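If you want the building blocks of each chain, they are given just below.
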Amino acid sequence: MSGTRSDGELLRAIAADADRRAFEELYRRYAPWLTARLRGRCADPAVVDDVVQETFLAVWRGTARYHEDTDAAGWLWRIGSRRLVDALRGDGARGRLRQALARLRHRDEASAEERVLAGVEHGDLAGALVRLSPELRAVLQATVIDGLTTREAAVLLGIPPGTVKTRAMRARKQLREELA
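Residues numbered from 1 in each chain as written. Predicted model: local features only at pLDDT ≥ 70, side-chain atom pairs only at ≥ 80, totals over all residues. Heavy atoms only, no water.

1. Remarks on helix H3 (residues 45-61)
Moving on, step 1. Between its terminal C-alpha atoms H3 stretches 24 Å, which fits the 24 Å expected from 17 residues at 1.5 Å a residue.
Moving on, step 2. Buried residues of H3: Val47, Val48, Val51, Val52, Thr55, Phe56, Ala58 and Val59, and no others. Each buried residue of H3 sits inside an arc of 165° when the element is viewed along its axis, so together they form one side.
Moving on, step 3. With a side-chain oxygen lying 3.0 Å from the backbone nitrogen of Ala46, the N-terminal cap of H3 falls on Asp44.
Moving on, step 4. The first or second residue beyond H3 is Gly62, which carries a positive phi of 80°. (Helix = DSSP H or I, 4+ residues; strand = E, 2+ residues; numbered from the N terminus. Expected span 1.5 Å × (residues − 1). Buried < 20%, exposed > 50% of the residue type's maximum accessible area, 1.4 Å probe, protein only. Arc of directions from axis to C-beta. Polar contact = N/O pair within 3.5 Å; in protein donor to acceptor, adjacent residues only side chain to side chain.)

2. Details of the pattern of salt bridges
Here the idea is simple: oppositely charged side chains can pair when their charged atoms come close.
Moving on, step 1. A complete count under the given rule lists seven salt bridges for this structure.
Moving on, step 2. Arg29 is the salt-bridge partner of Asp7, the closest N and O atoms lying 2.5 Å from each other. You can see Asp7 sitting in helix H1 (residues 7-17) and its partner Arg29 sitting in helix H2 (residues 20-39), a full 22 residues away along the chain.
Moving on, step 3. Note on Asp7: relative accessible area 19%, which makes it buried.
Moving on, step 4. A salt bridge links Glu152 to Arg82; the shortest N-O distance between them is 3.9 Å. One end of the pair, Glu152, is in helix H9 (residues 150-157); the other, Arg82, is in helix H4 (residues 72-88), with 70 residues separating them in the sequence.
Moving on, step 5. For Arg82, a relative accessible area of 30% translates into the label partly exposed. (Salt bridge = Lys/Arg side-chain N within 4 Å of Asp/Glu carboxyl O.)

3. A few points about the packing of helix H8 (residues 134-145) against H9
When two helices pack together, you describe them by how their axes are tilted relative to each other and by the distance separating the axes.
Moving on, step 1. Contact pair H8 / H9: the axes reach a minimum separation of 9 Å and the direction vectors enclose 130°. Overall, the two elements H8 and H9 adopt an arrangement that is oblique. As for how H8 packs across H9, the hand of that crossing is right-handed. Of H9, the residues touching H8 (which contributes Ala138, Val139, Ala142 and Thr143) are Ala153, Leu156 and Leu157. (Axes fitted to C-alpha atoms, helices over the stretch in contact; angles between N-to-C directions. Parallel < 35°, antiparallel > 145°, perpendicular 65-115°, else oblique. Left-handed = near helix turned anticlockwise from the far one by under 90°. Contact = heavy atoms within 4.5 Å.)

4. So, the packing of aromatic side chains
Ring pairs (aromatic) are described by centroid distance and by the angle formed between their planes.
Moving on, step 1. Within the structure shown, the criterion is met by four aromatic pairs.
Moving on, step 2. Between Phe23 and Phe56, the aromatic rings sit 6.3 Å apart at their centres with planes inclined by 80°, giving edge-to-face as the arrangement. Pair noted here: Phe23 is in helix H2 and Phe56 is in helix H3, with a separation of 33 residues, a long-range link. Both residues of the pair, Phe23 and Phe56, belong to the buried class.
Moving on, step 3. Between Tyr27 and Phe56, the aromatic rings sit 4.8 Å apart at their centres with planes inclined by 70°, giving edge-to-face as the arrangement. (Phe/Tyr/Trp six-rings, centres within 6.5 Å; stacked < 30°, edge-to-face > 60°.)

5. Section: the packing of H8 against helix H10 (residues 161-179)
Moving on, step 1. One can describe the packing of H8 onto H10 by two numbers: an axis separation of 9 Å at closest approach and a directional angle of 100°. Taken together, H8 and H10 sit at an angle that is classed as roughly perpendicular. Between H8, through Glu135, Leu136, Val139, Leu140 and Thr143, and H10, the contact on the second element is made entirely by Val164, Arg167, Ala168, Arg170, Ala171, Gln174 and Leu175.
Moving on, step 2. Considering only residue class, the contact of H8 with H10 consists of seven nonpolar, two polar and three charged. (Nonpolar A, V, L, I, M, F, W, Y, C, P; charged D, E, K, R; others polar.)

Listed below in structure tokens is the structure:
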């Protein structure tokens with residue numbers, strides 16, 4: 001077959017025929033991207049590597065079901081982000097997560113996703129997002145952009161679920177006030 005196969009074609013070949021070449025192509029296409037995105041959520045490279053492997057194992061084994069009308073990158077991100085939350089729920093992982101997030105909160109360099117958020121050019125949204133505190137932005141990023149539940153965001157951020165809800169409410173209120 002000449003040319004590059006679409007994501008849908010690769011995923012159908014993996015699901016129907018356990019096509020190893022299709023799997024390898026999908027892995028080469030998305031593993032670096034998924035790794036980079038997960039590293040924005042977890043500073044422990046060993047945990048990130050495990051999560052990437054578990055994500056692609058779920059694809060290979062067919063435990064994660066792909067639907068034709070779904071974006072492959074978004075689908076893989078949902079699998080990976082939930083696997084990351086599961087990995088961080090472990091006894092030792094929670095302490096590692098808190099340490100990693102503490103380091104990330106205090107660094108001067110903005111993450112790629114923070115730069116994207118700051119660069120949004122739709123009215124005053126970019127300015128309003130930049131003016132949110134890092135804590136409020138982190139909650140919005142986890143719940144709105146990454147689509148995590150309150151409980152999952154709480155685990156990821158190392159804060160109680162009630163705090164996630166409060167910060168999300170404060171962030172929405174602040175954005176409404178600034179955009180009104």
